[in-house]
Structures are given as structure tokens and as C-alpha cells.
Number of protein chains: 2
Amino acid sequence: MSAHSWIAVDWGTTHLRAFAMDGRSVVAQFSSDRGMGTLSASEFENALLDVIGPWLDRPTPVLACGMVGSRQGWVEARYLPVPCKPLSESFTEAPTKDTRLRVWIVPGLSQASPPDVMRGEETQIAGFLSLNPGWDGVICLPGSHTKWAHISAGEVISFQTVMTGEMLAALSGSTVLRHSMAPTGWDEKVFLDTLDQTRSRPETLATQLFRTRATDLLHGLDPVAARSRIIGALIGAELAATRPYWLGQPIAVIGATEPSRGYLAGLRAQGAAPIEADGDAMTRAGLSVAHSKLMETA
Amino acid sequence: MSAHSWIAVDWGTTHLRAFAMDGRSVVAQFSSDRGMGTLSASEFENALLDVIGPWLDRPTPVLACGMVGSRQGWVEARYLPVPCKPLSESFTEAPTKDTRLRVWIVPGLSQASPPDVMRGEETQIAGFLSLNPGWDGVICLPGSHTKWAHISAGEVISFQTVMTGEMLAALSGSTVLRHSMAPTGWDEKVFLDTLDQTRSRPETLATQLFRTRATDLLHGLDPVAARSRIIGALIGAELAATRPYWLGQPIAVIGATEPSRGYLAGLRAQGAAPIEADGDAMTRAGLSVAHSKLMETA
């Protein structure tokens, strides 16, 4: 059918995105909601074949990243300990029955002290560094588990994870705050005002949360403003926690528009000048790096 | 049947507890899981009759506190603005069909700035003050929404709410931390170690949470230790936020054993000497105060 020579797969907890690739170019793409979290180990091959089957007119190498390589995934891929170059070795081949399939999962990164892990973001970092060779600084990857990685000479020196996205989902999904918060929407002034409070006094996060609910009960509060306030309080506390990372450093924010927006606005309000890169594009660029490496060693 | 003269009802979001009272003494008690959160406005009377019906051999006054008086409750009871004596006025009568029933709901407390509200804890505070006349200091009421109230000359001067309990429930119920945390259990050393970190550097709460998960993934972590660590991180951040309240003050912790334990241990580790009081007993003492007031004005 198409001119593709390999397949890139971004396989997280809640989604599966596959791209038929010709070198670094996308020829076709398809996605499904059969994320790692919905599958047992024996179901991964069929879930993948359902998506990429039409592209398998011949044996085609597949490079995958994300939670597919976790202990609850298809096969557990290694963590490379930092400091190291991301994706620099040790792809793990997943067990397959279909002879047209060979699937390699790239390694995540681990840090011994303080303990931390990542799976998926290392591929975006590798992609960003392949497109911006020689770039040194701090990369912020907003998401359920936002990662902050210190980059020097092409290596991840250290990183840390803040569960801001998952905390927001938990607060807006299963606490009393859900009655006051809109599911979407953005009020940047409210966001920045609240961010400034928890950034300068992070201990106030604890009191800001219920205060948002009480303000709504006593005076009424626009649900979009309430949402912007909660996100501002969380990201403000995160910027306080990660200040030793980003202060005075070149900063790149890699991600989708929605989770990145608050980080970009917040960092800019603190006098930083972050550059932006699209998360999906960086994932594909990173898997392209992995594919090239695989071809070299094959 | 019994010698009771009135009925005390503690009616929260998730539970309903009723006590047949003779003056300040409990003659009989019964509880159900038909909390405010499970009922629409028209269902409260029958839910109450299911529990206290057997006690209604004659018309009997019922004094109730808690979320039964919220906007989503039986009838919305007032908030008294602080500073004020809790339960000092304005009981709200709930609409009833059964002529044996007269139900009064006590008022909550509100604070204009910073905005805050409470419903239920004001009754425990009133009960504690009736049993400890002249006591001045700070009362901590641990729970889903922990309250800190500054008491002077029998009045609540100000208060603030921290959603530590609900945050713990959200983190342990619907985030990746649930894979690493035991549902119960206690390791006080781990708790105090983590508490000390977020108490002195509250911004590190953001990084402590995922670090607990990563420690488990990389090195293995006892699920009880993980739970104690998360609770320590949350209460440590709360003690940092509320330090202007409790530092150098007499402190009373009012609540059930489980949520109070961490607050007592944490405050003691900070050099404070909190006294303890049982939450249910304080609720009944507070409703007794309300009943006496009602009798005076009747």
C-alpha cells in the first residue's frame, strides 16, 4: 500500500497511537482507546494488530514507547539510570505470534536518589534533542505526571515528577470541588493571581483549595474562574517546588496545548522565556531516533 | 419506652447518627448510611423516621447538625458570621409531615474574608466549650475537611479549612498512588519523617507524592509505609499552612481516633502539647447546648 518502512507507536495508559512512517515522515496514522490500563499482557498483540494490521503488507519493524513497557504492560522494558542519553540502548523486544510483527519497546529512565522514573517522556526528550542538537537547559513535560528534566551535553542529568495533572483530575472528579469547577475553560488573570500566591507561599495550597469552594458557596464563583484558580494554585505550588530546576535556565515546554498553557503562562509571569514544542511531534522524532539506532545495529 | 426527652442527630454527607437523649445522657442510639449525599430534599423525613421512628412514642424535639443543613440538604440552615458564639441563634425548622416530629437544624459558621464555611464542626466546638468553659486557644477538627478555629472568650474568632482528608481519599482512590498504598495501617516513624520535610519545606509536597510511587517501583516500599508517608506529606503541608494558627497556642484536637492520630503526633513533634476530645461526644454535648437553648426560648 503505502511507502512506509516502519511503524511508530505511542502507547500510554489510556490510548494507543500508531504512525506508519517513511523515514521521519508520517504516511498514515490511526489511534484507539486501548491503552495499557485496559489490557492484560496477552492482549497487547491483538490490540496492536487491530490498529496497524492494514499496514502490514510485509514484515515491518515497530518502535513503541510509553506505559506499554511498564510492569503491567506488554513486556517490562528497562529503565536506563540517569545521567545518560535517553534511548541510548537496550530496546526490549515484545513477544509476538504474528510473523509480520517485530516490536521493540524503548527504555524509560530511572533516578536512584531521589527515586524517580519516567516512561514515554524520555522519547520526547530524545526527539527534542535530535531536532535541537547542543541545546542545554531544563525541559518541562506537562501531563498527568509532569516531568522536569535537566539536560546537559545531550544527557538527562536528573529529573523530577510532580503529579499536578492527576491531582487536578482527582480534585475535580472526586472531591467537593467538582460542584464548583467547570470541566474546561480558562481565565488567565485568575490563574496567574492564584499561581502567584502559591508560588511565593506554597504552604497556602492547602487552604486555597477549600477556599475556592467556600467562595462559591458564600459569594458565587464563575465555574471557569474556579477551575483556573485550582489549576493556578497547583501549578504555582509546582513552580515553587521546581524552582531550583528552572530558575535562570533555558526552558523548553513539550506537550499538548491544554496542559502546556498554564506552565507557559506561569513561567513567563516569573520572568522566564520558555520555548514550546509539540508533544506528539517530539514523540515521533524520538521514535525515529530509536528506529535509526535499531537499523544501525541490525 | 425509654426515658428520653429529645433526640440528637449528627447528619453528615455519608452517615446519619441518632441518639435518644435524657438531658445530656444517651439512652439509645442508632445509625444508618443514608447521609445527606444520598438523599433528595423530600427523602429526609422518611430517612429520619426509619431510624428514630421506634423512639417516637410521643412528640419529641429533634436537634440536628451537619450537612443536613446545607443547600443540598433537608432545608438550608443559616451560617452565623464569625466572630460569634457557635450555635448562639437561628435554629432552622425543617418541614415535616409527621406530627410527632419537630426538627431543628443548628446554624453553621461562615467567614467573609478569607471566605470559609463550616457545618457540623461548630456543634463540636460549642460542645467542647460547654465542657471546658473559659478555654481559649486553637481547636483542630480533623476530617475530610479539617477545620482550624481560633477561640477567644467563648467565640470563634476566625477559622480555616484544609481538605487534607478528602485529598488523601482522592489520591489513594483514583491516582497511581493507589497501587502502592495500603488502605489502613500506620508507621509513625515514616509518618513523622515525611511530615518534617513538608512542614519545613511545604513546596516539596508536590514532589513527595510521586516519589513515593517511584520508590516503590524501584526499590519496593511497604504499603503501610507508603500510606504513612503520603499522610505525613499532607499533614506536614497542612501544619505549615496553619502555623500562624497553632504556634504558641493552647491546642485541642477534636475528632475520631484515626484522623486525629496524625495531627496529634505531628503537633507533638513540633513541640506543641495538644489536648484531645472525642468527636462524637463533643457533637452530642453541642446538640445538648442547642437543646437547652431551644427549651429556654420555647
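Preceding this section is the structure that the text describes.
Residues numbered from 1 in each chain as written. Chains lettered and ligands numbered in written order. Predicted model: local features only at pLDDT ≥ 70, side-chain atom pairs only at ≥ 80, totals over all residues. Heavy atoms only, no water.

(A) Local environment of unusual backbone geometry. Each neighbour pair has its own omega, and for serine 113 of chain A with proline 114 of chain A the value is -5°, a cis peptide bond. The omega angle of the peptide bond from valine 82 of chain B to proline 83 of chain B is 0°, so this bond is cis rather than trans. One can find proline 83 of chain B in the loop between strand E5 (79-81) and strand E6 (92-93). Positive phi outside glycine occurs at leucine 87 of chain B, with the angle close to 60°. Relative to the assigned elements, leucine 87 of chain B resides in the loop between E5 and E6. According to the relative accessible area criterion, leucine 87 of chain B is buried, its value standing at 0%. (Helix = DSSP H or I, 4+ residues; strand = E, 2+ residues; numbered from the N terminus. Buried < 20%, exposed > 50% of the residue type's maximum accessible area, 1.4 Å probe, protein only.)

(B) Summary view of the pattern of salt bridges. Residues and elements named next belong to chain A. All chains considered together, the criterion is met by 27 salt bridges over all chains. A salt bridge links aspartate 280 to arginine 17, with the nearest nitrogen and oxygen atoms 3.6 Å apart. Residue aspartate 280 is found in helix H9 (residues 279-297), and its partner arginine 17 is found in strand E2 (residues 16-22); the two are separated by 263 residues along the sequence. With relative accessibility at 26%, the residue arginine 17 sits in the partly exposed group. A salt bridge links glutamate 203 to arginine 201; the shortest N-O distance between them is 3.3 Å. Judged by relative accessible area, arginine 201 falls into the partly exposed class, the value being 45%. Salt bridges sharing common partners tie together Asp10, Arg17 and Asp280. (Salt bridge = Lys/Arg side-chain N within 4 Å of Asp/Glu carboxyl O.)

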